[in-house]
Amino acid sequence: MADPMKIRATLQGDVADVRVLMAHAMETGQRKDAGGKVIPMHFIQTISAQLNGKTVFQADISQAISRNPVFAFKVKGAKAGDKLAITWQDNMGDKRTDEITLAAG
């Protein structure tokens, strides 16, 4: 199971400024291990965010993103008490969802 994401959201009015740290190796398929064997590709392919169950952010990414990526985005129409869920899925079928409750800033 993947490590939990670190999600930080700050509210300013009705806009949430969201930053997400995802623990993931993000292997490109171009590195070799100590024995000289190619390490297979293993990377996050899709990321989405839902505010109270409604998708507010969605992205398809590739193996060109760094290890333990950080993503930042803004969500309009947010308020204290709203539930923000972040989900990622990688090319090997692993999936992780974490959720926070927005707090007044």
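Sequence order as written defines the numbering, with residues in each chain counted from 1. Only residues with pLDDT of 70 or above have their local features reported here, since the model is predicted, and side-chain atom pairs are shown and tallied only from 80 upward, although totals for entire chains, interfaces and linings are computed over all residues. Hydrogens and waters are ignored; side-chain quantities use all the structure's heavy atoms.

Caption draft 1: Here's a closer look at the sheet that holds strand 7 (residues 95-101). Criterion used throughout: strands pair if DSSP finds at least two bridges between them. The way it works is that DSSP assigns letters per residue, a run of H or I at least four long becomes a helix, a run of E at least two long becomes a strand, and they are numbered from the N terminus. Spatially, the 4 strands line up as an open sheet ordered 4-3-6-7, and their pairing is antiparallel. Each having just a single partner strand, strand 4 (54-60) and strand 7 make up the two edges of the open sheet. Geometrically, the sheet is characterised by an average inter-axis angle of 15 degrees between neighbouring strands, direction not taken into account. In the sheet, strand 3 (residues 44-51) pairs with strand 6 (residues 83-90) via 7 bridges, with the strands oriented antiparallel. The residue of strand 6 that forms the bridge with Ser 48 is Thr 87. All axes here are fitted lines through C-alpha atoms, helices being fitted over the stretch that makes contact, and every angle between N-to-C directions spans 0 to 180 degrees.

Caption draft 2: The pairing of strand 4, seen in detail. In the sheet, strand 3 pairs with strand 4 via 6 bridges, with the strands oriented antiparallel. Paired with Ala 49 across the bridge in strand 4 is Phe 57. Hairpin geometry of strand 3 and strand 4 is characterised by an intervening segment of 2 residues between the two adjacent antiparallel strands and by a positive phi of about 50 degrees at Asn 52.

Caption draft 3: Examining the pattern of salt bridges more closely. Note on definitions: salt bridges are taken to be side-chain nitrogens of Lys or Arg within 4 Å of carboxyl oxygens of Asp or Glu. Applying the stated criterion across every chain, the model contains 5 salt bridges. The shortest N-O distance in the salt bridge between Arg 31 and Glu 27 comes to 2.7 Å. Look at Arg 31 and you get partly exposed, because its relative accessible area is 41%. Accessible area is worked out with a 1.4 Å probe on protein chains only. A residue is then buried under 20% of its type maximum, exposed over 50%, and partly exposed in between. The exposure class of Glu 27 is buried, given its relative accessible area of 9%. Note that Arg 96 is salt-bridged to Asp 98, the shortest N-O span being 2.9 Å. Residue classification places Arg 96 among the buried residues on the basis of a relative accessible area of 12%. Judged by relative accessible area, which is 13%, Asp 98 ranks as buried. Each of Glu 27, Arg 31 and Arg 67 takes part in one network of salt bridges that share partners.

Everything listed here is a matter of geometry and, on its own, says nothing about what the molecule does.
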